[in-house]
Structure formats: C-alpha cells, structure tokens
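Per-entry structural report
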Amino acid sequence: MDTASPANTPNRWLPHRNRGVLIFVALFVALNVAFARLFAPGAPPRVPIAFAPSFLTQVQAGHVSSIATRGDTIVGTFKAAQRYPATGVSTTLFSTEVPVFWNTDQLSALLQAKGVRINAQSTTQTASVPARLLLGFGPTLLIVGLFVLVARRAARSGGLGGLGGFGRSKARRVDPERIPVTFADVAGIDEAKAELTEIVDFLRRPERYGRLGGRMPHGVLLSGAPGTGKTLLARAVAGEARAAFFSISASEFIEAIVGVGASRVRDLFEKAREAKPSIVFIDELDAVGRSRQGQISGGANDEREQTLNQILTEMDGFESAEAVVVLAATNRPEILDSALLRPGRFDRRVAVHAPDRHGRRQILDVHTRSIPLAPSVDLDALAASMPGMVGADLANLANEAALLATRRDHDRVEMIDFTDSLEKIMLGAPRGIVLLPADRERTAYHEAGHALVGMLTPGADPVRKVSIIPRGRALGVTISTPDVDRVSLSRQELDAMISVALGGRAAEEVVYGQISTGAEADIQQLTQIARQMVGRWGMSAAIGPVAVLASDGYGPLLPGASETSEATQELVDTEVRRIIENAHVEVTTLLIEHRDQLDSLANALLMAETLDGIDAYTAAQLPARLPDPCDSPALVT
Ligand code: ADP
Ligand code: MG
Ligand code: ZN
C-alpha cells in the first residue's frame, strides 16, 4: 500500500470527462440553434409559379413589383398578395425558373416596359454582414472560447497532470526573508520548541548531519489541540532556519477534480526540492492521512489514498542530507494512518500541549509586547484565571482588550479591559435583554443552586463566579475551576460534577415546586458525564470495566473495541439513569436542608447580578475556599 499508484488513471477521469463532454455538446447544439434563429431567419416561403404562363402573365398585368435572379431562378415580389390554389396560401413572394431556351433580352425588355424593379441585391431577407460572419465563425469561436475557459479553470484548480499549467499545487511559497516569525514569538510550549531547534539546525547546516551515520528526520508531526500554536511553530522554524516555506492545507489537495491530489503533491515536493533548504508544511494532515483500515473504498477515499501514497513516496525519496523537511500538523493524531508514522516518514512526533499557568503568562507577554499596559494590569492573575485556554485564546484576549480600551478611550489598556474581555470570551457577550422580575428571580435561584451545591459537595471545584446576566443562550452562569493540576478525574469528582449540574434544576424544584426549560444544557452535560462513567471509565458495577462507548461518549466504538449487544446498551441506559436519579435525590435533600443559604445567595445575586468567588461564599454564609487556580478546564453550569 505504500507504493505510488499512478495519478490520473484514465478510468478515474472518465466519468467526469464524459459528463463534461455531454454538457459541452448540449451547450454547443443549443447555442448553434439559437444563433441560427437569431441571425438567419429561414428564407420566407415563396410560391413556386410556372414561368409561362403565370409569371409572364403577372408581369404583363403589371402585378410584379421587383425581381432578382439567382442563376436560372427568378425570385420576386408581387404588388399585392396572390393566391395560388396549388398551395392555398396567399403571398406576395414567388419564385420561378427561367427555361434555358428563353430569350432573356426579350424578357428584359418586357420587365423594363412594365417598370419592374430589378434588384442586384437578393430579395431574400438574409442576415446582415456581421451577423453572417458570426454565423460562420460563431461555432469556432465558441469552441475556442470554451477551451480557453476550461483550460484556465483547470490551471487554477490544478487540473490534469502532465499538461502545462495543470496539476500545479496551490501551496503558498513564502521566502525566508518574508517570514517575520521566530522562536521568540512562540511562548509557553518550550518542550515543543526545544524539539524543533534540532530541525532548525539541520536546515541551516545540512552537510554536518549524516557525518557520523545518524539520519536526520525528514518528517516531523506536530500534534495538539486547535490554537496551541502548531502553525505558528512551523512558521517559526522556517523563520529561524531561513528556509523557504511551502504551506498547504491537506484539504486543499483534495478538491473538485479527481486525480489532482497526487499530482499536486508531486508538484509541491518538486518545488520544495528546487528551493532547498526548504520546509513543506502540510496543515490538517488528518484530512488525507486518516486511517485506511476498515474503510469501504470509494471515490473520495481512493482519492485520499492516492494523495496519501504520493506524500509517502515523496518522503521515502529524500536523500538523507537533502535539506527539505516536511512538517505536518494535526489535531487528531490518533486517527492517522500508521503508514505515516513509520521510520523515514513522520517518525518524529512533537506534542504541542495546552500551556500551563506559567506558559499562559509568557504567551500573554508575547501578545502584549506592543500594547501599552496600565500599571493595574496583572498578567499573572489573568493567566491564572484562564485554565485550559490555549495560545489562540490568549492572543484573542490581548486583542479584544486593546480594542475595548480603544472604544473606552483609555490611554492604556487597563485591567478592567482585560477582565471584561475575558468574561466575554469565556461566557459570550452580554445579551442586553431585560428579564421579567419573575424570570430574573428564577434564574437567581437556578444559579444559586448550582453554586451552593458546588460549595457544599465534597470533590466539587470551588466556585469562581456566579452571574445572572444573560449571555448567549444562557440566562445565567456559574463557573467552577479546580485548585490543582488535574490529570484524571476521580469517581468522587465526577459525582460532584453531576450534582453541581443538577443543582440549578433542583433549586427550582425546591423553591417553585416546578421546573423550567432553563436546564437543558445542564441536563445534556450531566448525562454526558454519567454515560462516560458507565460506558468508558468502568465506573458502574453492572457493566464493569468494559468499553462500550466511543471516547466522545456517543456513537459507535472505534475499531478495536468490542462490539456491544443491544442488551448491554440498555444496561448502559439503566445505569446512567440510576446514577443521575441517585444524585438528584441527594442534591434535592441538600438544598432543602440549606434552604436559608440558598435564599441568601439568590438574594445577593439579585442585588449584585455578578458575584466573584469570595463574595458568593460569603453570601452563602460559607468560608471561602481560597482560589488558587490551575490548569483544568472550567466547569460552566
Ligand atoms: P494551531 O495551528 O495549533 O491551531 P495557530 O498556530 O494557528 O494554532 O495559533 C493561532 C494564533 O494563536 C497564532 O497565530 C498566535 O498568534 C497565537 N498563538 C498560539 N499559540 C501560541 C504560542 N505558543 N505563543 C504565542 N502565540 C501563540
Ligand atoms: Mg493551525
Ligand atoms: Zn444551569
């Protein structure tokens, strides 16, 4: 499977080309008919009459107004419409044949005597000269025009390989001098950076490598969540190494025309080899590199596979000192075809992790370099309050804060600009709707319920913020983040998450005896957690440690995991229900017991609309858990 299969195999082309040809022919015929209609209205019907006596009689009678001759044929017009029984139509137009033995001089004399106009010009109403030209050349022009059009389109999208201008890759080439990015612009992902410095060194001095027999990797795969800085890193490598940089997104290999992907790959690598030292950067590699195993082969897959094969072939063809490095990035390394990861291909893998608190601080430094900051700005505190956020989020925050400060006419960007922007990024912009007092109160109890359960349940993350300002689709929000770096979740923590998510709805039940539609997102969230506990993490005794769900908690299992029976699926549902119902009883009891604290927190929310962690704990008459934020994603309920 690793050898190249020729691109543009004719049979791949055929269906498409046939369709194209059919369309072309249809268009051609239609246009020709249209032309003919427009410019050559068929010669009007003429009544054929006998030369003698009919024609001569009519001339004698002075009924003929004009004639013209074409060879032995005379066509002409009567002064008034004549009706000939043979045809039944009455018309002024006629034609007749002059017998070869006829004395034309005599005829001429007669015509002149009767004052018949003799036209040098044909009496048929033929098309004008330009129209006739068009008629003659029209089809040819049409063909030429269409060819030009098709060729230009194909060239633009990189059509047929082999023909000049076709199959060119769309890779954007950036010259080394034009890459302004260096390692100094990349922060907070030091391990990944360190791994890539060797590549930079290789590109700078390729001749040094291989001296002692070592082989420089030609393929480096950057994997990590979106926005962690993979693309940025690739550009920085090019900038540091002063190497030409060709970048293409793998999805661009695969486009409208079948058979193009492989030829684009070939062309891309050809250009890169000519420009060495150079970097070929293939972004979103998973678009072509998805595992081939267990897939039904079909048009789109074949195409993907050919493209992938061509990439593999090109990478196998590198000589060890050839200063071309292929960098690729993916958000989903787990779905890549194993052939890509074999020695000689992407055998160096660099994981780009979401930055920790310290890393976030450094990234904020990078992105606030050119922003004037007021002394109030505490980047450490900001970094600390953004657990789980990646480089792209931080860049976005810096930009939003600068824009907000501009809008507010601040001389420098102040802390309040940052915190307001952060709130907007995390929660969505306030919606600016006014709630009815009843709805507002219900929302306050809902959020107070989430928050209070979070404060009272062991294993729950400390509450950082509670707000009843409507944003996005939510009427209110409660944010909890953990204290310590968390790499896995315990059973207790998961149970607590379910309880907190149930808290809003349970509070509504306790206070109003009925529930509203406001808990939809909560229910989705807690169901998801419970399903994963049962189906992925073996936390239900009834199922045991058997994976029965895909890693997203839904859908079929990935290849490799065991198939599950319908009975097992039903058992999963029962277990999920049991977990949630148990939690619901507990949470309701808890809120009934602490009703006065619930009331006081809800009232504080109605007054202040937004409460920070400490204020919320105070309002609930509880000792605050000191916020020492770290790096797990926030639970937003
Ligand atoms: P990815 O390719 O991993 O999805 P990008 O490299 O496109 O992420 O990152 C988007 C933007 O976010 C970058 O252009 C940069 O401004 C910012 N960014 C991301 N990670 C970092 C980082 N580690 N250091 C500095 N800026 C970063
Ligand atoms: Mg990217
Ligand atoms: Zn809720």
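Residues numbered from 1 in each chain as written. Chains lettered and ligands numbered in written order. Predicted model: local features only at pLDDT ≥ 70, side-chain atom pairs only at ≥ 80, totals over all residues. Heavy atoms only, no water.

Quick look at the packing of aromatic side chains
Convention followed: Between the rings of Phe, Tyr and Trp (Trp by its six-membered ring), a pair exists once the centres lie within 6.5 Å; its type follows the angle of the planes, with under 30 degrees stacked, over 60 edge-to-face, and the other angles tilted. Going along the chain from the N terminus, every DSSP run of H or I of four or more residues is numbered as a helix, and every run of E of two or more is numbered as a strand. The buried label applies to any residue whose accessible area, calculated with a 1.4 Å probe on protein chains only, is under 20% of its type's maximum; exposed applies above 50%, and partly exposed to all values in between. Lysine and arginine charges are scored as sitting over a ring when NZ or CZ, respectively, is within 6 Å of the ring centre and within 35 degrees of the ring normal.
Per the stated rule, a full pass over the model turns up five aromatic pairs. Considering the side-chain rings of Phe-55 and Phe-94, the 5.8 Å spacing of their centres and the 40° angle between planes classify their relative orientation as tilted. Within this pair, whereas Phe-55 is found in helix 2 (residues 51-60), its partner Phe-94 is found in strand 4 (residues 90-97), the two being separated by 39 residues in sequence. A single burial state applies to Phe-55 and to Phe-94, both of which are buried. Their ring planes at 20° and their centres at 6.0 Å tell us that Phe-245 and Phe-281 sit as a pair that is stacked. Taken together, the residues span a long stretch of sequence, with Phe-245 in strand 8 (residues 244-249) and Phe-281 in strand 9 (residues 278-283) at a distance of 36 residues. The class of Phe-245 is buried, set by a relative accessible area of 2%. Overall, Phe-281 belongs to the buried group, its relative accessible area being 2%. Three or more aromatic residues joined by ring pairs make a cluster, and in this case those are Phe-51, Phe-55, Phe-78 and Phe-94. Against the face of Tyr-512 rests Arg-442, its NZ or CZ located 4.7 Å from the ring centre.

Considerations on the side chain of Asp-283
Under the convention used in this document: Working convention for charge: Lys and Arg count positive, Asp and Glu count negative, and His plus the chain ends are omitted. Salt bridges are defined as contacts in which a side-chain nitrogen from Lys or Arg sits within 4 Å of a carboxyl oxygen from Asp or Glu. Under this definition, polar contacts are N or O atom pairs within 3.5 Å; protein pairs additionally need one hydrogen-donor-capable and one acceptor-capable atom, and for neighbouring residues in sequence, both atoms have to be side-chain atoms. By definition in these notes, contact holds between two residues if any of their heavy atoms fall within 4.5 Å.
Topologically, Asp-283 is positioned in strand 9. For the buried Asp-283, no salt bridge exists, and the shortest N-O distance to an oppositely charged side chain is 6.5 Å, to Lys-230. A distance of 3.1 Å separates the side chain of Asp-283 from the side chain of Thr-231, its partner in a polar contact. Beyond its immediate sequence surroundings of up to four residues, Asp-283 is in contact with Thr-231, Ile-248, Ser-249, Ala-250 and Ala-329.

Topic: the site of ligand 1
Counted only if it meets this: Whether a residue is near a molecule or strand depends on its heavy atoms: it is near if one of them lies within 4 Å of it. Computed with the Shrake-Rupley method and a 1.4 Å probe, the accessible areas treat only the protein chains shown as cover for residues.
Taken together, 17 residues lie near ligand 1, and Ala-187, Gly-227, Lys-230, Thr-231 and His-367 sit nearest. At 3.3 Å from a nitrogen atom of ligand 1 is found a main-chain nitrogen or oxygen belonging to Thr-228. One of the side-chain N or O atoms of Thr-231 is found 2.6 Å from an oxygen atom in ligand 1. Contact with the protein chains hides 79% of the accessible area of ligand 1, taken as 560 Å² for the molecule alone. Of all the secondary structure elements, the ones that give two or more residues to the shell around ligand 1 are helix 6 (230-241), helix 11 (357-367) and helix 13 (391-407).

Some remarks on the confidence of the model for the protein
Heads up, the rule is: Per-residue confidence from the predictor is reported as pLDDT, which spans 0 to 100.
Per-residue pLDDT for the protein averages 77, and the proportion of residues at 70 or more is 78%. The model gives residues 1-17 a pLDDT under 50, and that stretch makes 36 contacts with residues more than four places away or in other chains. Contacts for the low-pLDDT stretch residues 157-166, under 50 throughout, to residues beyond four places or in other chains number 25 contacts.

Details of the pairing of strand 2 (residues 64-70)
Test applied: DSSP calls a pair of strands paired once it identifies at least 2 bridges connecting them.
Summarising the sheet, strand 2 and strand 3 (residues 73-83) pair through six bridges and their orientation is antiparallel. Residue pairing in the sheet places Val-64 in a bridge with Phe-78 of strand 3. Here strand 2 hands over to strand 3 after two residues, with Gly-71 in that stretch at a positive phi of 65°. As paired strands, strand 2 and strand 5 (residues 117-119) are joined by three bridges and run parallel to one another. Considered in strand 5, the bridge of Ile-67 is made with Ile-118.

Looking at the coordination of the zinc ion (ligand 3)
Working reference: metal with six octahedral donors, ideal angles 90 or 180 degrees; metal with four tetrahedral donors, ideal angle 109.5 degrees. To be explicit about the condition: In this description, a donor is an N, O or S atom within 2.8 Å of the metal centre, a cutoff extended to 3.2 Å for sodium, potassium and calcium. Water is not part of the atom list, which can make sites seem incomplete.
Protein ligation of the zinc ion (ligand 3) involves His-446 (NE2), His-450 (NE2) and Asp-522 (OD), the donor distances falling in the range 2.0 to 2.1 Å. For the zinc ion (ligand 3), the donor residues sit on a single chain with the sequence spacing H-x3-H-x71-D. Of this pair, His-446 sits in helix 15 (residues 437-456) while Asp-522 is found in helix 17 (residues 520-535), placing the two residues 76 residues apart along the sequence.

Let's talk about helix 18 (residues 566-593)
To keep it simple, the criterion reads: A helix is expected to reach a length of 1.5 Å times the quantity of its residues less one.
End to end, helix 18 covers 41 Å across 28 residues, agreeing with the expected 40 Å (1.5 Å per residue, within 8%). When we look at burial in helix 18, the residues that qualify are Val-572, Glu-575, Val-576, Ile-579, Ile-580, Ala-583, Val-587, Thr-588 and Leu-591. On its buried face, helix 18 is in contact with helix 15, helix 16 (491-512), helix 17 and helix 19 (595-608).

Here's the deal with the pattern of salt bridges
Taken as a whole and assessed by the stated rule, the structure comprises 20 salt bridges. Note that Asp-573 is salt-bridged to Arg-531, the shortest N-O span being 3.3 Å. Here Arg-531 lies in helix 17 and Asp-573 lies in helix 18, a separation of 42 residues in the sequence. Overall, the relative accessible area of 40% leaves Asp-573 in the partly exposed class.

Looking at the environment of Thr-313
Tracing the sequence through the fold places Thr-313 in helix 10 (residues 299-316). Taking the relative accessible area as the measure of exposure, Thr-313 reaches 27% and is therefore partly exposed. Residues Thr-313 and Val-265 lie 48 residues apart in sequence; the distance between their C-alpha atoms is 9.9 Å.

Quick notes on the sheet that holds strand 2
Strand pairs in the sheet, formed through backbone hydrogen bonds, run parallel or antiparallel to each other. Pairing is mixed in the open sheet, where five strands are placed in the order 1-4-3-2-5. Edge positions in the open sheet fall to strand 1 (47-48) and strand 5, since each of these has one partner strand only. Sheet topology note: the strand 1/strand 4 ladder contains two bridges and is parallel. Residue pairing for strand 4: Val-47 is matched across the bridge by Phe-94.

What to know about helix 2
Along helix 2, the residues classified as buried are Phe-51, Ser-54, Phe-55, Leu-56, Gln-58 and Val-59. Looking at the buried residues of helix 2, the elements they touch are strand 2, strand 3, strand 4 and helix 3 (104-113). Immediately downstream of helix 2, the backbone of Gly-62 shows phi near 75°, a positive value.

Considering the side chain of Ser-499
Tracing the sequence through the fold places Ser-499 in helix 16. Discounting residues that sit within four places of it in the chain, Ser-499 has contacts with Val-453, Thr-457, Ala-583 and Val-587.

Description of the packing of helix 17 against helix 18
Geometrically, a packed helix pair is captured by the angle between its two axes and the distance between the axes. Inclusion rule: For helices, the fitted line uses only the C-alpha atoms of the stretch in contact; every axis is such a line through C-alpha atoms, and the angle between N-to-C directions lies from 0 to 180 degrees. Each angle is binned into one of four classes, with values under 35 degrees roughly parallel, values over 145 roughly antiparallel, values of 65 to 115 roughly perpendicular, and all other values oblique. Here a crossing is called left-handed whenever its near helix is offset anticlockwise from the far helix by less than a right angle, and right-handed whenever the offset is clockwise. Gly counts as polar in this scheme, as do all residues outside two lists: the nonpolar Ala, Val, Leu, Ile, Met, Phe, Trp, Tyr, Cys and Pro, and the charged Asp, Glu, Lys and Arg.
Packing of helix 17 against helix 18 leaves a shortest axis separation of 9 Å and a crossing angle of 125°. For the element pair helix 17 / helix 18, the angle class is oblique. Between helix 17 and helix 18 lies a crossing of right-handed hand. Of helix 18, the residues touching helix 17 (which contributes Leu-526, Thr-527, Ala-530, Arg-531, Met-533 and Val-534) are Val-572, Asp-573, Glu-575, Val-576, Ile-579 and Ile-580. Taken together, the residues of the contact of helix 17 with helix 18 break down into eight nonpolar, one polar and three charged.

Some words on a negative patch on the surface
Applicable threshold: Excluding any residue in a salt bridge, patches collect residues exceeding 30% relative accessible area, merging like charges within 9 Å and nonpolar Val, Leu, Ile, Met, Phe, Trp and Tyr side chains within 5 Å. Taken as the charge location is NZ of Lys, CZ of Arg, CG of Asp or CD of Glu.
A surface patch of like charges, here negative, comprises Asp-190, Glu-191, Glu-195 and Asp-356. Among the structural elements, Glu-195 can be located in helix 5 (residues 190-204). Since its relative accessible area comes to 35%, Glu-195 is described here as partly exposed.

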